[in-house]
Amino acid sequence: MRRRVVVIGLDGFDPGIAEPMLHDGRLPHLAALRGRGGYSRLQTTNPAQTPVAWSSFATGVNPGGHGIFDFLRRDLDTYLPDLALNRYEQSNPLLPAKVVNLRRGTPLWSVLASAGIPATVIRCPCTYPPDKVKGRLLAGMGVPDIRGGLGTSTLYTTAPDVRVSDNEQVIELQVVPGTKGRFDTHVIGPRNPRTRGDVTAPISISVDEVRRGIRIECGGRPRVLELEPGRWSQWLRLNFRRGPLQGTAGMVRFLLVRIEPHLELYASPVNFDPAAPPFPISHPWDYGAELARHLGPYYTAGIAEDHTGLSNERFDEAAFLDQCEVVMREREAMLELELKRFDEGLLFCLFDTPDRIQHMFWRFGGREGGSGRRRLRAGSAAGSEFDTVIEDHYRRCDELVGRVQSRVDSSTVVIVLSDHGFTSFERGLHLNAWLAANGYLFLQPGVDAGEAAGEFFRHVDWGRTRAYALGLGGIYLNQRGREAEGIVDASESDEVAAQIAGGLSGLVDPVTSTVAVPRVRTRAQLYSGPCAAESPDLVVDTAAGYRVSWTTAVGGVPATLFEDNTRKWSGDHIVDPALVPGVLFMSVPYRRGNPTLLDLAPTILGVLGAPVPPAYEGSDLLSDT
């Protein structure tokens, strides 16, 4: 008998929401799965971040074994933040660059390949560049946009002096002289590796006053796009040429926000074209193109949902949900295609959209965090049409699980899990402000904390600074011989780390009288393995309702310790991991004491009859049943 395991990942699926819905009969297919096998909460990683958690799921080891600790890592020479999931290397300017996956460890699909067992893996984070499998793999989070980042959008507008917001570019449109509303402009593509300038593709935008829309003409495919306000366009495929024989294929979607009083046109981050990506996004190399032949063009960027456009208020909640629906349909179509030809081994498919919707819609429906200070933001008044968006999406995911169960036989093991849960994000904590106030971080003479200090550690006095915070919860010692301008001797590192942990643990928010930081843990308490030395020296666990601030993530030093979170990004999970467990449903009975993400890889390998590597830290959840 052929052994088969289907794993459905529902990123961020929260037990605090799912369990009442199960009780009320609103998730019937997940309830049926629970009845066949079992359900439990699932212990996540520290930190409870998507790339960290899914890397532990895949490799069976703690972050110290696979080396992913955050979205960001610091450059030891410059102290500046850098992306932590992968990097580009070019040993010779005459040779093409290559991508290096910074996730180490041995993923379970590589173990399966060594045992001759096939696997199909769709969009698991930290698989760019793609792992080699005996089967097919489409890379997930970590695949950049065409500019090499996590996603940079563009706003085209006729309004003057529009302020540029986070992760976007703004192009002010000027009417072509002698025309009635035509604008010649361009789509911003990749950077030229030699000049570092932007490579662009020309487009022309014309306003149709009669139809109250616009027309985009270009040299791409299709040649013409006609847009109505509030509706997303189809994909526009472009070739960004930097020379006669040099070009990069990319794809973009547009949303016409309005045509008056000013024209506003939103362009998504430019995605790799799966038919001709500049770097491999799948294994085998043409699998991405095969999917496009079957399904049409699809989002390839690791973070597909345009949450930045909603955060920056470039479009509204309804437009964001429409775009999320497109992402969900694409992913469902990929899973449906693979289910049709699934015969043996592992089939894994991740759905990221539950996470993105909860980040942006937690502010609706009266949800609170630990401080009980739910702060209403613009458009989030009680009784809103968006109050049930999260629950509605959970039902959508439940229907997906039902379709999967109907497509497999009773001998196929079905696993549904999430990497973490969710809670409210009401107050931001400025870790560098705390370090400065307590004598661990110093600014240059004459520079005060706050706006003058800027971000990216611009005015930090490294000759006096003993510790600094970067990313979403990590604190690093400015260690001599490790950091470029380190001053803390290795012999005193443990003492300094203990002082910071002791002083920061139990920190109370004076506005709410809430303990915002229950505990701070050291590297030795959290991580082990060959990559442990790359981790932060300290990791800060925050209470529900709190999270390390956006400013902290990029090296800012504000003047205050806390700030209200007034962004539309209102839900989060980078808190004390004990507060945000994931969920685990299995179609067969399993040992449900206190399962962790580390247990899934050995369990799947056990079902499929493959050996479990000695480095794997979890245990087979079926071994005692």
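Residues numbered from 1 in each chain as written. Predicted model: local features only at pLDDT ≥ 70, side-chain atom pairs only at ≥ 80, totals over all residues. Heavy atoms only, no water.

Visitor: How would you explain the sheet that holds strand 7 (residues 119-122) if you had to name every residue and give the values?
Guide: Read from one edge of the open sheet, eight strands run 2-33-22-1-21-7-8-20, paired in mixed fashion. One side of each edge strand has no neighbouring strand; the edge strands of this open sheet are strand 2 (38-42) and strand 20 (282-283). Bridge count for strand 1 (residues 4-10) against strand 22 (residues 413-417) is five bridges, and the pairing is parallel. Within the sheet, the bridge partner assigned to glycine 9 lies in strand 22 and is leucine 417. Together, strand 7, strand 8 (135-138) and strand 20 form the strand contacts of helix 6 (residues 287-295), whose direction differs from that of strand 8 by roughly 80°. Sheet strands in contact with helix 8 (residues 317-340) are strand 1, strand 7, strand 8 and strand 21 (345-351), and its direction is about 170° off that of strand 21. (Pairing = 2+ DSSP bridges. Helix = DSSP H or I, 4+ residues; strand = E, 2+ residues; numbered from the N terminus. Contact = heavy atoms within 4.5 Å. Axes fitted to C-alpha atoms, helices over the stretch in contact; angles between N-to-C directions.)

Visitor: Residues and numbers for the sheet that holds strand 19 (residues 271-272), please.
Guide: One open sheet holds the three strands; their spatial order is 15-16-19, and the pairing between them is antiparallel. Among the strands making up the open sheet, the edge pair consists of strand 15 (236-243) and strand 19. As defined by bridge partners, strand 15 adjoins strand 16 (residues 246-252) across seven bridges and the pair is classed as antiparallel. Following the sheet pairing, leucine 238 is matched in strand 16 by glycine 250.

Visitor: Pulling in residues and values, what's your account of the confidence of the model for the protein?
Guide: Overall, the prediction assigns the protein a mean pLDDT of 95, with 96% of residues at 70 or greater. Long-range and interchain partners of residues 371-379, a stretch whose pLDDT sits below 50, account for 32 contacts in this model, where long-range means more than four residues apart. (pLDDT = per-residue confidence, 0-100.)

Visitor: Describe the side chain of serine 40, and please don't skip the residues or the numbers.
Guide: In this structure, serine 40 sits in strand 2. One polar contact links serine 40 to tyrosine 590, side chain to side chain, over a distance of 2.8 Å. Setting aside chain neighbours within four positions, we find serine 40 in contact with Gly582, Val583, Leu584, Tyr590, Arg592 and Pro595. (Polar contact = N/O pair within 3.5 Å; in protein donor to acceptor, adjacent residues only side chain to side chain.)

Visitor: Explain the packing of helix 2 (residues 28-36) against helix 10 (residues 389-407) to me, using residue names and the numbers behind them.
Guide: One way to put it is that helix 2 packs onto helix 10 with a least axis distance of 7 Å and a crossing angle of 50°. Classified by the interaxial angle, the pair formed by helix 2 and helix 10 is oblique. In this structure, helix 2 contributes Pro28, His29, Leu30, Leu33 and Arg36 to the contact, and helix 10 contributes Asp398, Glu399, Val401, Gly402 and Gln405. Class assignment of the residues belonging to the contact of helix 2 with helix 10 gives a composition of four nonpolar, three polar and three charged. (Parallel < 35°, antiparallel > 145°, perpendicular 65-115°, else oblique. Nonpolar A, V, L, I, M, F, W, Y, C, P; charged D, E, K, R; others polar.)

Visitor: Go over the packing of helix 1 (residues 15-23) against helix 10, please, and point to the residues and values.
Guide: With their axes 11 Å apart at the nearest point, helix 1 and helix 10 run at an angle of 70° to one another. Taken together, the axis directions place helix 1 and helix 10 in an arrangement best described as roughly perpendicular. In terms of crossing hand, the pair formed by helix 1 and helix 10 is right-handed. Contact with helix 1, carried on its side by Ile17, Ala18 and Met21, involves Ile390, Glu391, Tyr394 and Arg395 of helix 10 and no other residues of that element. Looking at the contact of helix 1 with helix 10 residue by residue, the class counts come to five nonpolar, no polar and two charged. (Left-handed = near helix turned anticlockwise from the far one by under 90°.)

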